[in-house]
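# Summary of structural features
Next come the chains, spelled out residue by residue.
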Amino acid sequence: MVQTPRDVEGDVLLEGVTRRFGAVVALQDVTLRVAPREVVAVVGPSGCGKSTLLELVCGLQRVDAGTLTAGRAVLMPQRDLLLPWLDARDNAALPLRLAGTGKDAARAEAHTLLAELGLDGFERSRTWELSGGMRQRVAVARTLLSGAPILCLDEPFGALDAITRADAQAWLASILDRTPRTVLLVTHDVEEAAVLADRVIVLSPRPGHVVADLQVGVPRGPAGRSPTDPQIVAVRARALEALRGAMA
Ligand SMILES: Nc1ncnc2c1ncn2[C@@H]1O[C@H](COP(=O)(O)OP(=O)(O)OP(=O)(O)O)[C@@H](O)[C@H]1O
Ligand SMILES: [Mg+2]
């Protein structure tokens, strides 16, 4: 087993990675390269190892076989872990504070980013005063403020209604356009995958392995892409077909 953190900013490379939990093989022989600043969506059936993959990339788990090298990666977990005793601004500022930034400077930076994410006026709100979509913005702000070149987003918009979700996709596209990062985005929504990503990776049912690696081929702009763009529709269809094929 080789798993070394690399200084190569934003690079992710998995070669023949297998991860087991006792008798359960979660991921098997996964090979995947993500280039710096590339946005890669990962789709696959429930339990196929998507969260496990992100946790491996973030160094929260160890590979059992194969090799994994990645720059510094931060996870936005499937369940948002905002702290209820902090307001939106201090939740977002947390990674800056943990890295030693002074309180005022950290809050100022968080304030600016929250405003960019449309949360102007809600910086002092407690988490329970925010809607689901607003909480996700705070969680994404916190992930971005970690400063890590690689972001692992695990179903960031899974709990949102369709309109809020489309809105969230638009602001994520916009923020990634302005401050490019390497992104691994897990989603169960193949349309979301095709709209947001440069590439869509389809995993088989457990043990998860890569059954399709689809280039989207439409540039990501500041405004995001339209789900009705014929190329997006085509990628969505191919991803669905690969999923169906893997589950048959
Ligand atoms: N810490 C753990 N201990 C034991 N088994 C685990 C652990 N983490 C994950 N697993 C198992 O590994 C498999 C993959 O889990 P994982 O959470 O990565 O799936 P997933 O693709 O993210 O699923 P979902 O779409 O439901 O979120 C599952 O069978 C799960 O039970
Ligand atoms: Mg998961």
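Computed from a prediction, not measured in an experiment: that's the story for all the values here. (Residues numbered from 1 in each chain as written. Chains lettered and ligands numbered in written order. Predicted model: local features only at pLDDT ≥ 70, side-chain atom pairs only at ≥ 80, totals over all residues.)

### Looking at the domain arrangement of the protein
Using the following cut-off: What counts as a domain boundary in this text is fixed by an automatic or database domain assignment. In this description, any two residues whose backbone-derived C-beta atoms lie within 7 Å of each other are considered to be in contact. Gly is placed with the polar residues, together with every amino acid not listed as nonpolar (Ala, Val, Leu, Ile, Met, Phe, Trp, Tyr, Cys and Pro) or charged (Asp, Glu, Lys and Arg).
Each domain of the protein was delimited in the assignment, giving domain 1 (2–72 + 150–247) and domain 2 (83–147). Placing the centre of domain 1 and that of domain 2 at their C-alpha centroids yields a distance of 25 Å. Residue-level contacts link 11 residues of domain 1 with eight residues of domain 2. For the side of domain 1 that touches domain 2, a count of residues per class yields nine nonpolar, one polar and one charged.

### What about the site of ligand 1?
Quick note on the threshold: Whether a residue is near a molecule or strand depends on its C-beta atom, placed from the backbone, lying within 6 Å of it. Strands are runs of DSSP state E lasting at least 2 residues, helices are runs of H or I lasting at least 4, and numbering of each runs from the N terminus.
Of all residues adjacent to ligand 1, which total 13 residues, the nearest are Phe21, Ser46, Lys50, Ser51 and Thr52. If you list the elements that add at least two residues to the shell around ligand 1, you get strand S3 (24–34) and helix H1 (50–57). Tallied by class, the residues present in the shell around ligand 1 amount to four nonpolar, seven polar and two charged.

### Observations concerning the nonpolar core
To keep things clear, this is the line we draw: The term nonpolar core means buried Ala, Val, Leu, Ile, Met, Phe, Trp, Tyr and Cys residues held together as one set by C-beta atoms within 7 Å. Buried means a residue has 20 or more other C-beta atoms within 10 Å of its own C-beta, exposed means 12 or fewer, and partly exposed covers the counts in between; C-beta atoms are placed from the backbone.
Core analysis: the largest hydrophobic core is formed by 72 residues, its most contacted members being Val57, Cys152, Val200 and Ala239. In terms of residue count, helix H4 (residues 132–145) provides more of this core than any other element does, six residues in total. A domain split of this core shows at least three residues from each of domain 1 (2–72 + 150–247) and domain 2 (83–147). Those residues in contact with Val200, other than ones at most four positions away along the chain, are Ala41, Val43, Ala193, Ala194, Leu214, Val216, Val235 and Ala239.

### Considerations on the pairing of strand S9 (residues 199–203)
This is how it is decided: By this definition, two strands are paired if DSSP reports at least two bridges between them.
Extensive coverage of S9 is indicated by the burial of five of its five residues. Here S9 shows two buried faces, one formed by Arg199, Ile201 and Leu203 and the other by Val200 and Val202. Direction of pairing for strand S4 (residues 39–43) relative to S9: parallel, over a ladder of four bridges. Of the residues in S9, the one forming a bridge with Val42 is Ile201. For S9 and strand S10 (residues 210–215), the ladder comprises five bridges, and the chain directions are antiparallel. Following the sheet pairing, Val200 is matched in S10 by Leu214. The loop that links S9 with its antiparallel partner S10 comprises six residues.

### Side note on the sheet that holds strand S7 (residues 150–154)
Put simply, the rule reads: Each axis is a line fitted through C-alpha atoms, and for a helix only the stretch in contact is used; angles between axes span 0 to 180 degrees, taken between their N-to-C directions.
One open sheet holds the six strands; their spatial order is S6-S7-S8-S4-S9-S10, and the pairing between them is mixed. Among the strands making up the open sheet, the edge pair consists of strand S6 (73–76) and S10. On average, each strand axis in the sheet is inclined to that of its neighbour by 15°, with strand direction left out of account. Sheet topology places S6 next to S7; four bridges connect them, and they run parallel. If you follow Met76 over to S7, its bridge partner there is Leu153.

### Digging into helix H7 (residues 230–247)
One turn of an α-helix holds 3.6 residues; hence residues three or four places apart share an orientation. Our working rule: To estimate the expected span of a helix, count its residues, drop one, and scale the result by 1.5 Å. Think of the arc as the fan of directions from the helix axis to the C-beta atoms.
In this model H7 runs 26 Å from its N-terminal to its C-terminal C-alpha over 18 residues, within 8% of the 26 Å that 1.5 Å per residue would give. Buried within H7 we find Val235, Arg236, Ala239, Ala242 and Leu243. Burial along H7 is one-sided: seen end-on, the buried residues are contained in an arc of 125°. Facing away from the buried side of H7, by more than 90 degrees, are the exposed residues Pro230, Ala237, Arg244 and Gly245. Buried residues belonging to H7 abut S4, helix H6 (190–196), S9 and S10.

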